[in-house]
Amino acid sequence: MMLSTPRCRPSSEPEEIDGRLTLIGTKRLEAYEVVNSTDDEVFHLDLYEWGRYFEAAEVQAELACSDFNLGIKERVTLLSHAKANAQRLNADPRVEERKEEIDQALNGQVRDVSELFNNYADQAGYFDICLLIYHVADYRNSTTVETTWASLIEQTHDEATRRMQEAGPGISALLTPYESVSQKVLNIAHRVSLDSFVFPIKFLVAALSRYSIEYGQDGQIGANPVWPITIFFELKVSHITILNALEDIFNAQDVGFTGNNRIRVIELIVYVVDSWQKECKRRANSTARGDAVWQSMKELLDSCEEALPPASMSMGNLNPGGADVADIRREVRTVRREVEALSDRGPAGSMRFL
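Treat the numbers as computed from the prediction; the structure is a model and nothing was measured.

Definitions and limits used
- Residues numbered from 1 in each chain as written.
- Predicted model: local features only at pLDDT ≥ 70, side-chain atom pairs only at ≥ 80, totals over all residues.
- Heavy atoms only, no water.
- Helix = DSSP H or I, 4+ residues; strand = E, 2+ residues; numbered from the N terminus.
- Expected span 1.5 Å × (residues − 1).
- Buried < 20%, exposed > 50% of the residue type's maximum accessible area, 1.4 Å probe, protein only.
- Contact = heavy atoms within 4.5 Å.
- Polar contact = N/O pair within 3.5 Å; in protein donor to acceptor, adjacent residues only side chain to side chain.
- Axes fitted to C-alpha atoms, helices over the stretch in contact; angles between N-to-C directions.
- Parallel < 35°, antiparallel > 145°, perpendicular 65-115°, else oblique.
- Left-handed = near helix turned anticlockwise from the far one by under 90°.
- Nonpolar A, V, L, I, M, F, W, Y, C, P; charged D, E, K, R; others polar.

(A) A look at helix 8 (residues 142–167). Over its 26 residues, helix 8 extends 37 Å from the first C-alpha to the last, a length consistent with the 38 Å expected when each residue adds 1.5 Å. If you check which residues of helix 8 are buried, you get Val145, Thr148, Trp149, Leu152, Ile153, Gln155, Thr156, His157 and Ala160. On its buried face, helix 8 is in contact with helix 7 (127–137), helix 9 (177–191) and helix 10 (201–214). Where helix 8 begins, one side-chain oxygen reaches toward the backbone nitrogen of Thr143, 3.1 Å away; that side chain belongs to Asn141. Of the residues flanking the end of helix 8, it is Gly168, one or two places downstream, whose phi is positive at about 85°.

(B) A look at unusual backbone geometry. The phi dihedral of Leu194 is positive, around 55°, even though this residue is not glycine. Although it is not a glycine, Lys236 sits at a positive phi angle of roughly 65°.

(C) Structural detail: the packing of helix 9 against helix 11 (residues 227–234). Between helix 9 and helix 11, the shortest axis-to-axis distance is 11 Å and the interhelical angle comes to 25°. In terms of orientation, helix 9 lies roughly parallel with respect to helix 11. Helix 11 is crossed by helix 9, and the crossing has right-handed handedness. Where helix 9 approaches helix 11, its residues Tyr178, Ser182, Val185 and Leu186 are matched on the opposing element by Trp227, Ile231 and Glu234. By residue class, the composition of the contact of helix 9 with helix 11 is five nonpolar, one polar and one charged.

As structure tokens, then:
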């Protein structure tokens, strides 16, 4: 099966003048030659890794022919990806029932992004592709984006759980559900370059923390309970951005973060503050953001300690999958002393605006 040449919107510049190719004509021929002749696997496949070749090919071809501000190199790359994914359809057993439909679609007119989203990506539940379409289309409906992320996290967890169940016990090479979710989040973050509309950090800090608690993807399965935060450290998200998100969760006590689940939020807050103060010490940069920041962190830690169950309560492990409450209390006090040492006790202020 061959992917027909997409009918891109014509340029206002002619392809030939007096029988000689213009620059745009030359570039177009070069583009088609590259797309049709290269057998470089990396060149073809490095952008899309889902194995969903039909939808990927359609999206890539449409983007290559769109009015978006893309250079010739980007359009050539997208076209090459589209061709490669279309060619790989024959080897994918999942498309047998739709082979005729796929052949007709790929050999016909390229569809616009709206149709691809509404008729394919969204209906098929390809939530990762939906997020990439939002990014390319500069779509900014936060409710839709957040709903898509929530669905993707749940879907990724369910798929990983099913793979582990089908493989049976003793198969350690498979990713656990939380590892699959982490990998998916990191993958999309890199592909959208942490686009704040498609990769809403405040929402994702809450969503991943809630997922870890509700699905027991923490110490109960041998995972580090602070993994939802280490993802953002790996992405070089600032401490203050992460801490602001956690402070909002702590204060709001939304669904999933009430009762004993609030203890986990405190554990995450202490982890971020401790990481931050250690980094400042390493960089000899204790007052880089002003004394008000350290004072605000001290006050937040004070609130965290007050919110912990009294030390006199002995009711077993109130933070299953996380640190023991007594250990968290000791860590709060230790980190607070370190923060106090970094602060000159300047006037209190909000770290939110620094």
